[in-house]
Amino acid sequence: MCGIVGFTNKIADADAVIGKMMDRIRHRGPDASGKYIDDGIALGHRRLSIIDISSQGDQPIFNEDRSLVLVFNGEIYNYRDIREELIKAGHKFATNTDSEVLIHGYEQYGTKLLGRLRGMFSFVIWDSKKGELFGARDFFGIKPMYYALMGDTFMFGSEIKSFLEHPDFKKELNEAALENYLTFQYSPTSETFFKNVYKLMPAHYFIYKDGQLDIKRYWDINFEADEKPDLKQWVNDISDTFKNSVQAHKIADVEVGSFLSSGVDSSYVAAVADVDKTFTVGFGSDEKYNEIGFAKEFSKAIGKENYSKVITPEEYWGSLEMIQYHMDEPLADPSAVALYFVCNIASQQLKVALSGEGADEIFGGYNVYSDPGGTFYDRLPKFFRRGVGKVAAKLPAKRGVNFFVRKGKTVEERFIGNAYMFTPEERKKLLKITTDAPDPTRLTRHYYKRVQKLDDVTKMQYLDLHMWMMGDILLKADKMSMANSLEVRVPFLDREVMKLAQRIPTRYRVTHKKKTEQTKYITKYAMRLAAKKDTPQQTGKTAEKKKLGFPVPIRVWLKEDKYYGIVKDAFESESARKFFDTALLEKLLDDHRGGKADNSRKIWTVFTFLIWYRVYFEHNGEFAKRS
């Protein structure tokens, strides 16, 4: 795992600038560094040594005549197979690292190389003869890639913060991103919070030459149910495919560990991976917020050592500026901080940890996926439900009323992903600024259009795989692990696993059957059965647990004087007054404290943005370092 930076358009002090950009992302690769500069390009690399840990694996890496230059972030799990193919084709390798297969593979296959890869990656290859730059991002977006065209300079890298060091970079807030964020809790499009800075989207590549940027998609998920296998066959296939993926993801020349919560995903990974160490964090002693007891019990059952940490409120709140600095863009997911701390305790023991991200999106694990068709009411005529929903929408919002409002809408109208913070009406009311941000359904529409003929559960999964997973789940996984110089690998997010999962009928992903003990699971139905088969008998109840997420006691803390006061100060700040109606912000906070409504997630969304803005626009990309 590493970090990459670079820019075109030679400047007088290119060597010094690329050095400063590399320093900004030193946390991504503290083991080694390297740079390449010619008349057309400057490339920089920070290395975290995982495979071929000798200096042979240092980057940049060249082809035989040094006309192609590579910088790469990620891991290619099938690199040995590709390497053998390339050697037979006449290519000569100078190292044993997985990185080198990319440069020779690009020589041999061109852009079709991407279809041969199994792994997580973002990389660029400079062709000095053609004056052409090729860059690509992995299938799911596990590894980040940002780019910006500033004047005549095209810059790119693993983290936006590196761009701050380039003299051509113009730092401006993208206010439309703020409005979108208030609904989604993350930045949901290819645009970022920095104007004219973009994400290369998952499963896309670019070619940049002579000032022209061409971006293309090279892969997509294709849900197409295969009705032939029965449930038992699907369970066995999941078991075999997942075990194969875990073994592929364990390829390393250093020790590999595993994160562990009380949920089925991380437990399945830890049990199958057979690593020596597991890592867990929690809050206080309440089991709603602390999974350490379970993790220790599970680790003991599988014969592994568990390392754990109870995060204090002071540690949590004291880390917020640092967290948002590393995130690059504001992310209002409270679990990001917990993820930082579990990465931190893991990094004290090893360099690589396995994690369970992606299982919910691929196998249908979110509780909300059980909503479509889950009640008698769903079988009533659509026109009737729609009429009742319109009437219910005029009543004060509460649990029973919300049910009828939700059921009166199509999935395309009601579901934008796992988070829905502020409605378009609420955010317009809250914001002082005016932007051209579109309605949330306009952002989701083109994803829904691709799967318009499929069932509602599959539509929701497809949307989450393309928006929620990239914008929230994988953003925090990459940034929080790299902040600790730790590589996190995600064996559920594997092309072979996805190839299998997209063929599983919906009733085996999310089921409402409850006739027997064996068929009582609701979400991730077939995967839970596979996990139950593959984990120790005494820990089998893990597979039956309802999904909890990564519980953080935000709603409790916001009622305490100390933390209420911290948020209130932020809501009364000059920055808050610049963007928001602060009277409405304070009402959200006071209503929450007074028990009138649970506004914790809305409060956290605004508060997180204000912290991020303080770091990048008031402190120029710096944060207060705490001992």
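Criteria and thresholds
Residues numbered from 1 in each chain as written. Predicted model: local features only at pLDDT ≥ 70, side-chain atom pairs only at ≥ 80, totals over all residues. Heavy atoms only, no water. Helix = DSSP H or I, 4+ residues; strand = E, 2+ residues; numbered from the N terminus. Rg over C-alpha atoms; globule rule 2.2 N^0.38 Å. Buried < 20%, exposed > 50% of the residue type's maximum accessible area, 1.4 Å probe, protein only. Contact = heavy atoms within 4.5 Å. Areas by Shrake-Rupley, 256 points an atom, 1.4 Å probe, with all protein chains shown as cover. Lys, Arg positive; Asp, Glu negative; His and termini not counted. Charge placed at Lys NZ, Arg CZ, Asp CG, Glu CD. Phe/Tyr/Trp six-rings, centres within 6.5 Å; stacked < 30°, edge-to-face > 60°. Lys NZ or Arg CZ within 6 Å of the ring centre and 35° of its normal. Pairing = 2+ DSSP bridges. Disulfide = S-S within 2.5 Å. Salt bridge = Lys/Arg side-chain N within 4 Å of Asp/Glu carboxyl O. Axes fitted to C-alpha atoms, helices over the stretch in contact; angles between N-to-C directions. Parallel < 35°, antiparallel > 145°, perpendicular 65-115°, else oblique. Left-handed = near helix turned anticlockwise from the far one by under 90°. Nonpolar A, V, L, I, M, F, W, Y, C, P; charged D, E, K, R; others polar.

Asks: Can you walk me through the overall build of the protein in this structure?
Replies: Across its full length, the protein carries 26 helices and 17 strands. Computed over C-alpha atoms, the radius of gyration of the protein comes to 24 Å, within 12% of the 25 Å expected from 2.2 N^0.38 for 627 residues, which places it in the range of a compact globule. Taken along its principal axes, the extent of the C-alpha atoms in the protein is 70 × 60 × 50 Å. The buried share of the protein, taken over its 627 residues, is 61%. Restricting to contacts in the protein with at least 6 residues of sequence separation, those with at least 24 account for 71%. Put simply, the protein shows about 25,100 Å² of open surface, and 48% of that area lies on carbon and sulfur atoms. Both charge centroids of the protein, one from 95 positive and one from 87 negative side chains, sit 6 Å from each other.

Asks: Honestly, the packing of aromatic side chains in this entry has me stumped. Any pointers?
Replies: Aromatic ring pairs are reported here in terms of the distance separating the ring centres and the angle at which the planes meet. Under the criterion given, the structure shown has 54 aromatic pairs. A centroid spacing of 6.1 Å and a plane angle of 80° characterise the contact between F580 and F609, whose relative ring orientation is edge-to-face. Pair noted here: F580 is in the loop between helix 24 (574–579) and helix 25 (582–593) and F609 is in helix 26 (residues 600–618), with a separation of 29 residues, a long-range link. No difference in accessibility class separates F580 from F609, as the two residues are buried. Seen from the ring of F62, R66 lies directly overhead, with NZ or CZ sitting 3.7 Å from the centre. For the cation-ring pair, R116 lies above Y109, with the distance from its terminal atom to the ring centre recorded as 3.9 Å.

Asks: What exactly am I supposed to notice about the side chain of K459 here?
Replies: Tracing the backbone through its elements, the reader meets K459 in helix 17 (residues 456–466). Apart from residues lying up to four places away in sequence, K459 is in contact with V411, E412, Y448, V451, Q452 and L454.

Asks: Help me understand the environment of A332 in this model?
Replies: Mapped onto the fold, A332 is located in the loop between helix 9 (320–327) and helix 10 (335–347). Accessibility expressed as a relative area gives 0% for A332, which makes it buried. A332 sits 252 residues away from L584 along the chain, and the two C-alpha atoms are 19 Å apart. Those residues in contact with A332 that sit more than four places away from it in its chain are Y181, Q185, R601, W604, T605 and T608.

Asks: What am I meant to see in the sheet that holds strand 12 (residues 212–217) here?
Replies: Think of a sheet as strands paired side by side through backbone hydrogen bonds, with each pair either parallel or antiparallel. Taking strand neighbours across the sheet as the criterion, the six strands line up as 4-5-6-7-11-12 in an open arrangement whose pairing is antiparallel. This sheet does not close on itself; its edge strands, each paired only once, are strand 4 (61–62) and strand 12.

Asks: I keep staring at the state of the cysteines and nothing clicks. Help me out?
Replies: One way to say it: the disulfide is the covalent bond shared by the sulfur atoms of two cysteines. Applying the stated criterion across every chain yields a total of zero disulfides. This cysteine, C2, is not joined by any disulfide, and C343 carries the nearest cysteine sulfur, 17 Å off. Among the residues examined, C2 registers a relative accessible area of 5% and is labelled buried.

Asks: Can you walk me through the pairing of strand 8 (residues 146–150) in this structure?
Replies: Two faces, one strand: in a regular strand the side chains alternate between the faces of the sheet. Counting buried positions along strand 8 yields four of five residues, so the element is predominantly enclosed. In this sheet, strand 10 (residues 197–199) lies alongside strand 8 in antiparallel orientation, the contact comprising three bridges. Residue pairing across strands places Y146 opposite K199, the latter belonging to strand 10. As defined by bridge partners, strand 8 adjoins strand 9 (residues 153–157) across five bridges and the pair is classed as antiparallel. By the bridge assignment for strand 9, M150 is matched with T153. Linkage of strand 8 to strand 9, two consecutive antiparallel strands, is achieved through a turn of two residues, within which G151 is found at a positive phi near 65°.

Asks: Can you walk me through the pattern of salt bridges in this structure?
Replies: Where charged atoms of side chains with opposite charge meet at close range, the side chains can pair. For the structure shown, the criterion picks out 41 salt bridges. With its nearest N and O atoms 3.5 Å apart, the salt bridge here joins K476 to D472. Of this pair, K476 and D472 both sit in helix 18 (residues 468–482), four residues apart, which is roughly one turn of that helix. Each member of the pair, K476 as well as D472, is classed as buried. Residues D561 and R593 are paired through a salt bridge, measuring 2.1 Å at the closest nitrogen-oxygen approach.

Asks: Help me understand unusual backbone geometry, please; the structure alone is not making it clear to me.
Replies: The general pattern is negative phi for most residues beyond glycine and trans for most peptide bonds. Geometrically, the link from Q59 to P60 is a cis peptide bond, its omega value of 5° lying close to zero. Its location among the elements puts P60 in the loop between strand 3 (41–47) and strand 4. Although it is not a glycine, R66 adopts a positive phi angle of roughly 65°. Inspection of the secondary structure puts R66 in the loop between strand 4 and strand 5 (68–76). A positive phi angle is found at K524, which is not glycine, with a value near 45°. Within the secondary structure, K524 is located in the loop between helix 20 (506–509) and helix 21 (525–534).

Asks: Looking at this structure, I do not really get the sheet that holds strand 9. What am I missing?
Replies: Pairing within the open sheet is antiparallel, and its six strands lie in the order 2-3-1-9-8-10. Two strands lie at the open edges of the sheet, namely strand 2 (32–37) and strand 10, each paired on one side alone. Strand-to-strand, the axes of this sheet are offset by a mean angle of 15°, without reference to chain direction.

Asks: Just to check I follow, could you spell out the packing of helix 5 (residues 231–249) against helix 21 for this structure?
Replies: Packed helices, taken two at a time, are described by the angle between their axes plus the distance between the axes. Two elements in contact, helix 5 and helix 21, have axes whose closest approach is 8 Å; the angle formed by their N-to-C orientations is 65°. For the element pair helix 5 / helix 21, the angle class is roughly perpendicular. At the point where helix 5 passes helix 21, the crossing takes the right-handed sense. Counting all contacts with helix 5, which are made through L231, V235, N236, I238, S239 and K243, the residues of helix 21 involved are Y525, A526, M527, L529, A530, K533 and D534. Partitioned by chemical class, the residues of the contact of helix 5 with helix 21 number eight nonpolar, two polar and three charged.

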